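# Remarks on the overall topology
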Amino acid sequence: MKISVIGTGYVGLVTGGCLAQIGHEVLCTDNDASKIGILNDGGLPIYEPGLEKIIDQARRDRRLRFSANPADATQGDVIFICVGTPPLSNGDADLSAIDHVARTIATESTSPKLVVEKSTVPARTGEELKRALSVYGRKSNLKFRVASNPEFLREGTAVDDFLHPDRIVVGAEDEQTEKQMKDIYRPVLERSFTCPFHAPSACPADLQPSWIVTTINSAELIKHASNSFLALKISYANMVSDLAEALGADIKEVMQAVGLDPRIGSRFLNPGLGFGGFCLPKDLQAFVHLAERSGVDFTMLREVERVNKKRINRFIEKTRQALWVIKGKQVGVLGVAFKANTDDVRFSPAVDLIEHLLAEGARVCAYDPEAMERARAVLPQIEYKKSAYDAAEDSEALLIATEWDEFRKLDWDRIRDVMARPLIIDGRNLLSPAEIKAHGFEYYCFGRPNLATASWHENGVLSK
Ligand code: NAD
């Protein structure tokens, strides 16, 4: 099928690359000419594991092209809208890019289109999109159908998530749309594409996604309800973590057992610096606003937001407790990306943390395996180091802000020897307290007893 994608960010580029990988002819467009320039020169404007491989293959097979003119998207029979929906200052989703794109599609099309919302939007946006397409396209009299197809991929595992989703949700209003969407996703549903992860074997049978067809309003609501629930889980885990800390329990032990209940599930129960990124914080805010406008009092989600915002303060408090005085001290920060395996620093708790440290008068040296370039654009005032060891050198504390696997495997004796003081404050509960203590560090984390005052036996059991 001839498919166009508008918006070649984290979602659009993965969508375009994966749709080409499963056999479609895809044109990706973006109004940011510099991104398209990088793509047309054979590069990638973002870091996403596995993406380079499939995009290179699709380029070679001539199944994937790029254009800096979004109007070219009207060459496709189906157009996926993947533009950003950032938060407005009042927390609502900014839908101006969707509106802009609708206008372009309506005025530039010369044949009927199926327009698919993949961007995350509040419920009822599909109705507005349909109206915009018919108003701006009134001169051509073309038929535009609209579908909602919310995206659940996670940065860091986006290609895998797209090709092996647990569910594909399609909001459709007619059978033709439903059938067209199923034809697009058939190779994923039947696991009949050449998989970059499993070829030459077929993808395992347990990776069969559920195919869910709903109304457009329901599909839009599913995305916001899912993300808000994930945010709620994280804030809940953080509150239990604070309680565990106060009561001398170990949050890892607690959440491991809690998560074994299939009604709860073990994921998103890790305490720490809280959630960030381009999805959870903004989607939560937009969802609360949507609820309020719809006359539904969703104060519970406001509390989820409030708990999350306070995580940084709590971490700074731990830092202050450990360092006594923060002002004038050099602090190393490991990780700037909002999570591991991405270069994305949008709404990153690590960025927030660094801003707080600077406000307290600390000198910050940071290192991130992939996000330094993007970090420099938002935090030009700190020092960026080439490695975790360089960030640790002469620092009075090393703060772990992103859960990169690389940080689990550092040579801790080397880190200890280059630091001004062997102190680690772990915002992601990444390290084993017993092991790090054995290397001679003072260690603070979330939801477990601090190792400044307590000591651990070699088998990891705390002695009082
Ligand atoms: P992004 O900022 O990385 O990409 C958006 C792209 O759209 C940019 O390249 C931008 O230049 C382009 N764009 C903006 N206005 C345009 C216009 N008028 N014409 C053409 N191009 C335009 O954003 P993203 O992370 O890819 O997210 C896109 C959408 O998908 C958002 O609604 C987001 O909430 C949702 N989403 C994101 C993720 C994620 O993990 N990033 C996951 C699921 C859903």
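On a predicted model such as this, the values are computed, not experimentally measured, just so you know.

Turning next to the overall build of the protein. A tally of regular secondary structure across the protein gives 16 helices and 16 strands. By the compact-globule yardstick of 23 Å for 464 residues, the protein fits well, its C-alpha radius of gyration being 24 Å. When its C-alpha atoms are laid out on the principal axes, the protein stretches across 75 × 50 × 45 Å. Within the protein, buried positions represent 53% of all 464 residues. The contacts of the protein with a sequence gap of at least 6 include a subset with a gap of at least 24, amounting to 72%.

Before going further, it helps to examine the domain arrangement of the protein. Examined at the domain level, the protein breaks down into domain 1 (2-214) and domain 2 (229-460). For domain 1 versus domain 2, the distance between C-alpha centres works out to 33 Å. At the interface, 19 residues of domain 1 touch 21 residues of domain 2. Interface area lost by domain 1 to domain 2 is led by Tyr-10, Tyr-47 and Glu-155, which between them contribute 35%. Counting every contact that joins domain 1 to domain 2 gives two salt bridges. As a salt-bridge pair, Glu-155 and Arg-346 come within 3.8 Å of each other at their nearest N and O atoms. Partitioning the side of domain 1 that touches domain 2 into residue classes produces ten nonpolar, six polar and three charged.

A separate point is the site of the ligand. Taken together, 28 residues form the shell around the ligand, and within it Asp-30, Lys-35, Thr-85, Glu-155 and Lys-282 come nearest. Contact between the ligand and Tyr-10: an oxygen atom at 3.1 Å from a main-chain N or O atom of the residue. Within the side chain of His-100, a nitrogen or oxygen atom sits 3.3 Å from a nitrogen atom of the ligand. In isolation the ligand has 830 Å² of accessible area, and contact with the protein removes 90% of it. Contributing elements (two or more residues each) for the shell around the ligand: helix H1 (10-21) and helix H4 (96-108). Here the element with the most residues in the shell around the ligand is H4; it accounts for three residues. When residues are assigned to domains, the shell around the ligand turns out to be shared by domain 1 (2-214) and domain 2 (229-460), each giving three or more.

Tallying each qualifying case throughout the model produces 33 salt bridges. With a shortest N-O distance of 3.3 Å, Glu-127 and Arg-124 are connected by a salt bridge. Of the charged contacts, one joins Arg-416 and Asp-417 as a salt bridge, the two residues approaching to 3.2 Å between their closest N and O atoms. Judged by its relative accessible area of 26%, Arg-416 is partly exposed. Where salt bridges share partners, they join Asp-242, Glu-245, Arg-311, Arg-314 and Lys-318 into one cluster.

Our focus in this paragraph is helix H8 (residues 216-247). Taking 1.5 Å per residue, 32 residues should reach 46 Å; H8 reaches 47 Å between its end C-alpha atoms and fits that length. In the segment just after H8, Gly-248 is the residue with positive phi, at about 80°.

Viewed as axis vectors pointing N to C, helix H11 (residues 299-323) and helix H12 (residues 349-359) meet at an angle of 50°, and their least axial separation amounts to 10 Å. The pairing of H11 with H12 is recorded here as oblique in orientation. Between H11 and H12 lies a crossing whose hand is right-handed. Along its contact with H11, which presents Ile-312, Asn-313, Phe-315, Ile-316 and Thr-319, the element H12 presents Pro-349, Asp-352, Leu-353, His-356 and Leu-357.

Pairing is parallel across the open sheet formed by six strands, whose spatial order is E11-E10-E9-E12-E13-E14. The sheet is open, and its two edges are formed by strand E11 (383-384) and strand E14 (442-444), each paired on a single side. Judged from the three bridges that link them, strand E13 (residues 423-426) and E14 form a sheet pairing that is parallel. Paired with Leu-423 across the strands is Glu-442, a residue of E14. Each of strand E9 (330-334), strand E12 (397-400), E13 and E14 touches H11; the most contacted strand, E13, lies at about 165° to it. The sheet strands contacting H12 are E9, strand E10 (363-367) and E12, and the helix crosses E10 at an angle near 160°.

Turning our attention to the side chain of Ser-119. With respect to the helices and strands, the residue Ser-119 is situated in the loop between strand E5 (113-117) and helix H5 (125-136). At 2.6 Å, the side chain of Ser-119 and the backbone oxygen of Val-83 are in polar contact.

Right, let's talk about the pairing of strand E7 (residues 167-171) for a bit. E7 sits mainly inside the fold: four of its five residues count as buried. With five bridges connecting them, E7 and strand E8 (residues 210-214) associate as parallel partners. Across the sheet, Gly-171 pairs through a bridge with Thr-214, a residue of E8. Handedness of the crossover is the feature at issue here: the chain leaves E7, passes through helix H7 (residues 175-189), returns alongside E8, and the resulting connection is right-handed.

Considered for burial, the residues of helix H3 (residues 51-60) that qualify are Leu-51, Ile-54, Ile-55 and Ala-58. Viewed along the axis of H3, the buried residues span an arc of 100°, placing them on a single side of the element. Relative to its buried face, H3 has exposed residues pointing more than 90 degrees away, namely Glu-52, Lys-53 and Arg-60. Buried residues belonging to H3 abut H1, strand E3 (64-67) and helix H6 (158-163). Backbone geometry just downstream of H3 places Arg-62 in the positive-phi region, at approximately 55°.

Moving on: the pairing of E12. What you see with E12 is no split at all: Ala-397 and Leu-399 on one side and Leu-398 and Ile-400 on the other are buried throughout. Relative to E12, E9 runs parallel, the two being bridged by four bridges. Note that in E12 the partner of Val-331 across the bridge is Ala-397. For E12 and E13, the ladder comprises three bridges, and the chain directions are parallel. Following the sheet pairing, Leu-398 is matched in E13 by Ile-424. A crossover connection joins E12 to the parallel E13 through helix H15 (residues 412-418); in handedness this β-α-β unit is right-handed.

The rules behind each value
- Positions within a chain are numbered from 1, following the residues in the order the chain's sequence is written.
- Where local features are concerned, this predicted model is filtered to residues with pLDDT of at least 70; where side-chain atom pairs are given and counted, the filter is 80 or more; whole-chain, interface and lining totals use all residues.
- Only hydrogens and water are set aside when side-chain values are computed; all heavy atoms of the structure are taken into account.
- Counting from the N terminus, the helices are DSSP H or I runs at least four residues long and the strands are E runs at least two residues long.
- The globule rule used for comparison is 2.2 Å times the number of residues to the exponent 0.38, while the radius of gyration itself is calculated over C-alpha atoms.
- Only protein chains enter the accessibility calculation, which uses a 1.4 Å probe; a residue is then buried when its area is under 20% of its type maximum, exposed when over 50%, and partly exposed in between.
- Should any heavy atoms of two residues lie within 4.5 Å, those residues are counted as being in contact.
- For the domains described, the bounds stem from an automatic or database domain assignment.
- We define buried area as the total accessible area lost by two parts upon association, computed with a 1.4 Å probe and summed across both.
- When a carboxyl oxygen of Asp or Glu is within 4 Å of a side-chain nitrogen of Lys or Arg, the pair counts as a salt bridge.
- Side-chain classes follow a simple rule in which Ala, Val, Leu, Ile, Met, Phe, Trp, Tyr, Cys and Pro form the nonpolar group, Asp, Glu, Lys and Arg form the charged group, and the remainder, Gly included, forms the polar group.
- When at least one non-hydrogen atom of a residue lies within 4 Å of a molecule or strand, that residue is treated as near it.
- Two N or O atoms count as a polar contact when they lie within 3.5 Å, although within protein this holds only if one can serve as hydrogen donor and the other as acceptor, and sequence-adjacent residues are included solely when both atoms are side-chain atoms.
- Note on areas: these come from Shrake-Rupley sampling with a 1.4 Å probe, and a residue is covered only by the protein chains present in the view.
- A helix is expected to reach a length of 1.5 Å times the quantity of its residues less one.
- Only the stretch in contact is used when a helix axis is fitted, and all axes are lines through C-alpha atoms; the angle between N-to-C directions ranges over 0 to 180 degrees.
- Should an angle lie under 35 degrees it is considered roughly parallel, over 145 roughly antiparallel, and from 65 to 115 roughly perpendicular; all remaining angles are considered oblique.
- The crossing is said to be left-handed when, going from far helix to near helix, the turn is anticlockwise and less than a right angle, and right-handed when the turn is clockwise.
- DSSP-based pairing: two strands are paired if at least 2 bridges between them are found.
- With the strands pointing away from the viewer, any crossover whose connection runs clockwise from the first strand over the helix to the second is right-handed.
- In this context, the arc is that of the directions from the helix axis out to the C-beta atoms.

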